[in-house]
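Coordinate inspection notes
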Amino acid sequence: MADTKKLQPDTLVEDTESFRDALSTVDAQGKRIWIYPKQPQGRFYTARKWVTAVFVALFLVMPFIKVGGEQFLLLNVLERKFVLFGMVFSPQDFHLFVLVMLTFLVFIILFTVVYGRLFCGWVCPQTVFMEMIFRRIEYWIEGDAGEQRRLDKAPWTSEKIRKKALKHGIFFTIAVVVSNYFLAYIIGMEQVLRIISEPISKNWVGFVSMLVFSGVFYFVFARLREQVCTTICPYGRLQGVLLVKDTIVVAYDHMRGEPRAKLRKNKDAAQPSPVQRLQTAVNGGMAPARTAGDCIDCNLCVAVCPTGIDIRNGTQLECTNCTACIDACDQVMDKIGRPRGLIRYDSMTGIETGHRRIFTPRVIGYTAVLIALIALDIAMLTGRGAVEAIILRSPGQTYQEKDANHLTNLYTFTLINKANRDLPVELRLASPKGSIQMVGQPIGQLLKGRTHKGAFFVELEKTQLQGRKTPIIIEVWSEGKKIDYVKTSFMGPGRR
Ligand code: SF4
Ligand code: SF4
């Protein structure tokens, strides 16, 4: 909806989108406008507190959960080791990783097309930490928006120093805890605990990394704040191409709210409910009618917005769907006796037509692709063996005559143990009849998460040869079970 009467000189058409030309957090000189959002109150804010409690509990507990000796979730980019739900993925599983990421991308697109930025408002770590933890500490120490504004403008008294020191001290302490946990998801909780417990002199790199992470987190939550969502986050920037008219977002019902007008004291009675109207009609009188829409232009929805926007202008990239404006407006509607939901979760189609359409052709198409990808993921993940074997005939070598009746070929092998424990491993020639002779020591125990490389000869009787290249199958056995196999070929002299 328009909030401006600016006219384009050439066309003299009202510009209804001029609010998109500037960020609400930057002034005409390009300086940051510090946002002091009023603390929201209401059913969504309460629900978000519960979601935050679950989120924080999971965040703090997950690094301690082990499945088969592996951390439940580990994204060790430094050692290129990834653990999802206790399953270890090595660089050799890159194709699986790409497939999982592709599925995740389609899921994000589908989810966003249907539900908009629901993720941002409820479970994005930036929003959860900023709005539900750091901001609430700020309200607790410095008071609500008005008091914060006054405190910032006030001279540096002992009271101001005490409040600011307390706030930033708590902020930095939380940033240290968060950064340690963040590191635990990268290098593992055991490593982090070791770094913490050992003298700094033994772990300079770890200590400096933690300090850097802590500094970054502190800066993000103490200073950068909503700028992460409004200018940095790539997901936020994608909204412009993902949102459609049927997407459910936090939306202002302009059909019901406009034309907005202040509530005139003693002139506009609170809007009667249908029951009150009926009672008034039955009693023979009519309540004074308010001809304007339901929005009383109280600005409370703007006052609570952590990104400083006016949702009445329509869906904007800056909106994180945090629901604060829904709660604020619902309170106002309660006070003036109008139904809640002037700002609510709805789609543009829903607001304009009164009907929500979720399963549009686009959504059905995305869903079909998503289901196919998930099925492929499951098939590939469940079909993934505990040991992956790569066996190649040694490059540049042909065959060797061992004696009058036997030939040998040299092979190199790489065995990767993806299981959560050490495994005894043995290679066997499954077909044709022949034998394997290891170069050096037998493989023996394959350590968990480790790669073992080596070489071996395959020896065949000349009678087994099927020409220049004879197909052979080599099996990998562990604890009496075949766990993988490789098809390759054996070079011979060919038919003479
Ligand atoms: S809170 Fe509701 S009534 Fe108040 S300005 Fe916003 S939309 Fe209008
Ligand atoms: S417009 Fe409403 S939902 Fe969007 S960020 Fe602002 S307060 Fe949150």
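These figures come from a predicted structure and were not determined experimentally. Per-chain numbering applies: the sequence of each chain, read as written, is numbered from 1 onward. Throughout, the order in which chains and ligands are written sets their labels, letters from A for the former and numbers from 1 for the latter. The predicted origin of the model limits local features to residues at a pLDDT of at least 70 and limits the giving and counting of side-chain atom pairs to 80 or more, whereas totals for whole chains, interfaces and linings rest on all residues. As a rule here, side-chain values cover all heavy atoms of the structure and leave hydrogens and water aside.

**Observations regarding the overall build of the chain**
As a reminder, the rule being used: Secondary structure elements are taken from DSSP: a helix is a run of H or I of four residues or more, a strand is a run of E of two residues or more, and numbering for both begins at the N terminus. With C-alpha atoms as the basis for the radius of gyration, the globule rule is written as 2.2 Å multiplied by the number of residues raised to the power 0.38. When a residue's accessible area, from a 1.4 Å probe over protein chains only, is under 20% of the maximum for its type it is buried; when over 50% it is exposed; and in between it is partly exposed. Throughout, a contact is declared for two residues whenever any of their heavy atoms are within 4.5 Å. Each accessible area value is a Shrake-Rupley result obtained with a 1.4 Å probe; residue values ignore everything except the protein chains displayed when judging cover. Positive charges come from Lys and Arg alone, negative charges from Asp and Glu alone, with His and the N- and C-terminal ends not counted. Lysine's charge is taken at NZ, arginine's at CZ, aspartate's at CG and glutamate's at CD.
Of the regular secondary structure elements, the chain holds 16 helices and 16 strands. What you see for the chain is a C-alpha radius of gyration of 33 Å, clearly larger than the 23 Å of a compact globule of 496 residues, by over 25%. A principal-axis box enclosing the C-alpha atoms of the chain has dimensions of 115 × 60 × 50 Å. Residue burial in the chain is summarised as follows: out of 496 residues, 42% are buried. Sequence-distant contacts in the chain: of pairs separated by 6 or more residues, those separated by 24 or more amount to 69%. Accessible area of the chain: about 27000 Å², with a carbon and sulfur share of 64%. Within the chain, one finds 63 positive and 44 negative side-chain charges whose respective centroids are separated by 2 Å.

**A look at the side chain of Thr 320**
Relative to the assigned elements, Thr 320 resides in the loop between α13 (300–303) and α14 (324–336). The class of Thr 320 is buried, set by a relative accessible area of 6%. Discounting residues that sit within four places of it in the chain, Thr 320 has contacts with Arg 117, Cys 120, Gly 121, Cys 229 and Thr 307.

**Notes on the environment of Arg 136**
Mapped onto the fold, Arg 136 is located in helix α4 (residues 125–142). Between the C-alpha atom of Arg 136 and that of Gln 39, which follows or precedes it by 97 residues, the distance is 8.2 Å. Those residues in contact with Arg 136 that sit more than four places away from it in its chain are Gln 39, Tyr 45, Lys 49 and Glu 131.

**Digging into the sheet that holds strand β16 (residues 481–491)**
Our working definition: We call two strands paired when DSSP finds no fewer than two bridges between them. Helix axes use the C-alpha atoms of the stretch in contact, all axes being lines fitted to C-alpha atoms, and the angles between their N-to-C directions lie in the range 0 to 180 degrees.
A sheet is described by the order of its strands in space; here four strands give the open sequence β13-β11-β15-β16, paired in antiparallel fashion. Each end of this open sheet is capped by a strand with a single partner; those strands are β13 (444–446) and β16. When strand polarity is set aside, the average angle formed by the axes of neighbouring strands in this sheet is 40°.

**Examining the domain arrangement of the chain**
In plain terms, the rule: Here the bounds of each domain stem from an automatic or database domain assignment. Once two parts are joined, some of their accessible surface, as seen by a 1.4 Å probe, is lost; buried area is that loss totalled over both. Salt-bridge detection follows one rule: a side-chain nitrogen of Lys or Arg within 4 Å of a carboxyl oxygen of Asp or Glu. Any pair of nitrogen or oxygen atoms within 3.5 Å is treated as a polar contact; in protein, a donor-acceptor pairing is required on top of that, and neighbouring residues in sequence qualify only through side-chain atoms on both sides. Classes in brief: Ala, Val, Leu, Ile, Met, Phe, Trp, Tyr, Cys and Pro nonpolar; Asp, Glu, Lys and Arg charged; the others, Gly included, polar.
For the chain, the domain assignment lists domain 1 (1–384) and domain 2 (387–491). The straight-line distance from the C-alpha centre of domain 1 to that of domain 2 is 55 Å. The partner domain 2 presents five residues to the ten residues of domain 1 that form the contact. Taken over both partners, the interface formed by domain 1 and domain 2 buries close to 610 Å², and the fraction arising from carbon and sulfur atoms is 44%. The largest contributions to the domain 1 side of the interface with domain 2 come from Gly 68, Val 88 and Gln 92, which together make up 51% of the buried area. Seen at the junction of domain 1 and domain 2, the total is zero salt bridges. At the junction of domain 1 and domain 2, the tally comes to zero residue pairs in polar contact (both at pLDDT 80 or more). Here the side of domain 1 that touches domain 2 is built from residues that sort into two nonpolar, five polar and three charged.

**Digging into the site of ligand 1**
What counts here: The rule for a residue being near a molecule or strand is that one of its heavy atoms must lie within 4 Å of it.
Every residue close to ligand 1 is listed here: Tyr 252, Cys 295, Ile 296, Asp 297, Cys 298, Asn 299, Cys 301, Arg 312, Cys 329, Met 333, Leu 342 and Ile 343. Its residues assigned to classes, the shell around ligand 1 comprises nine nonpolar, one polar and two charged.

**Quick look at the site of ligand 2**
Inspection of the region around ligand 2 gives 13 residues, with Cys 305, Cys 319, Thr 320, Cys 322 and Cys 325 positioned closest. Looking at the shell around ligand 2 residue by residue, the class counts come to nine nonpolar, four polar and no charged.

**Points about the state of the cysteines**
In protein structure, a disulfide is the covalent linkage between the sulfur atoms of two cysteines. Rules: Note on terminology: pairs of cysteine sulfur atoms within 2.5 Å are recorded as disulfides.
In the structure shown here, the tally under the stated rule is zero disulfides. Cys 120 supplies the cysteine sulfur nearest to Cys 233, a cysteine that is in no disulfide, at a spacing of 6.1 Å. Residue classification places Cys 233 among the partly exposed positions, given a relative accessible area of 23%.

**Quick word on the nonpolar core**
Where we set the bar: Buried Ala, Val, Leu, Ile, Met, Phe, Trp, Tyr and Cys residues that are joined via side-chain atoms within 4.5 Å together make up what is termed a nonpolar core.
Counting residues in each nonpolar core, the largest one holds 30 residues, and the members touching the most others are Phe 129, Phe 134, Val 192 and Phe 221. Residue contributions to this core peak at ten residues, all from helix α6 (residues 158–187). Contact partners of Phe 134, with chain neighbours within four places excluded, come to Phe 129, Phe 171, Ile 174 and Phe 221. Listed in part, the 26 residues of the second largest apolar core include Phe 44, Cys 301, Met 333 and Ile 343.

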